Amino acid sequence: GISTVFQELTLLPNLTVAENMYLGREPRRFGLLRSAEMRRNARDVFARLAIELDPATYCGDLTIAQQQMVEIAKGVAVDARVFIFDEPTAALNGPEIEKLEKLIASLKQAGTLVFYISHRLDEIFRFCDTVTVLKDGGHVATLPTPELTRDRLVSLMVGRALERFFPPRP
């Protein structure tokens, strides 16, 4: 019930998109893989996410951004109740980030718990309801996103007030 989408990709380049999506939980019948069922299920997930990929394509032939979308689709395919996104937009472009934003909104609306880890402040303010700041392995603060400003969030992250970033020069 927990799906993690890491910044580092975990796909095997010599397997197809569908094979990667169902790796370790492949549908079988009489011990034989049901490849057509995997491809069909992958197409259904891609349709839900508005991703245009052929499930029979080898992951080694995909761009980094496409591979990241496959990683996200893997979690959707298992119908996880908890998603952990660790810097998922590192390899995504503008339209793909918008797709991710819509996906996160639909996951939240369906009652799925979403943890979103990022250093990109604009994404934090776009995607998150609550922000928890951790620094040096310790908890600094947990606040509702609307109560934060960009300056306040940066101050919590670095451990000092913003006006001390660039002290006046003599």
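Residues numbered from 1 in each chain as written. Predicted model: local features only at pLDDT ≥ 70, side-chain atom pairs only at ≥ 80, totals over all residues. Heavy atoms only, no water.

*Asks:* Kindly report on unusual backbone geometry, identifying the contributing residues and their values.
*Replies:* Across residues other than glycine, the phi torsion is negative in most instances, and most of the peptide bonds are trans. Non-glycine residue Ala 50 carries a positive phi angle of around 60 degrees. By the element assignment, Ala 50 lies in the loop between helix H2 (35–49) and helix H3 (64–77). In this structure, Asp 136 takes a positive phi of about 55 degrees despite not being glycine. Topologically, Asp 136 is positioned in the loop between strand E6 (130–135) and strand E7 (138–144). A relative accessible area of 73% places Asp 136 in the exposed class. (Helix = DSSP H or I, 4+ residues; strand = E, 2+ residues; numbered from the N terminus. Buried < 20%, exposed > 50% of the residue type's maximum accessible area, 1.4 Å probe, protein only.)

*Asks:* So, the pairing of strand E1 (residues 2–5): which residues are in play, and what are the values?
*Replies:* Side chains of E1 alternate between two faces, with Ser 3 and Val 5 buried and Ile 2 and Thr 4 left unburied. In this sheet, strand E4 (residues 82–86) lies alongside E1 in parallel orientation, the contact comprising four bridges. If you follow Thr 4 over to E4, its bridge partner there is Ile 84. (Pairing = 2+ DSSP bridges.)

*Asks:* A description of the pattern of salt bridges should follow, citing residues and the corresponding values.
*Replies:* Following the criterion strictly, the structure yields seven salt bridges and no others. Arg 34 is paired through a salt bridge with Glu 37; the nearest N and O atoms lie 3.1 Å apart. Residue Arg 34 is classed as partly exposed on the basis of its relative accessible area, which comes to 34%. We note a salt bridge from Lys 108 to Asp 129, for which the minimum N-O separation is 3.2 Å. Taken together, the positions of Lys 108 in helix H4 (residues 94–109) and Asp 129 in the loop between helix H5 (121–127) and E6 put the pair 21 residues apart, joining distant regions of the chain. The class for Lys 108 is partly exposed, based on a relative accessible area of 32%. (Salt bridge = Lys/Arg side-chain N within 4 Å of Asp/Glu carboxyl O.)

*Asks:* Which residues make up H3, and what are the values?
*Replies:* In a regular helix each residue adds 1.5 Å, so 14 residues correspond to 20 Å; H3 covers 20 Å between its end C-alpha atoms and thus fits that length. Burial of H3 is extensive: eleven of the 14 residues sit out of reach of the surface. Against E1, helix H1 (17–21), H2, E4 and H4 lie the buried residues of H3. The first or second residue beyond H3 is Asp 79, which carries a positive phi of 55 degrees. (Expected span 1.5 Å × (residues − 1). Contact = heavy atoms within 4.5 Å.)

*Asks:* How would you explain the pairing of E7 if you had to name every residue and give the values?
*Replies:* Strand direction decides the pairing type here: E6 and E7, joined by six bridges, are antiparallel. When the sheet's bridge partners are listed, Thr 130 is paired in E7 with Pro 144. The turn joining E6 and E7, which pair antiparallel and follow one another in sequence, is formed by two residues; a positive phi near 55 degrees is taken by Asp 136.

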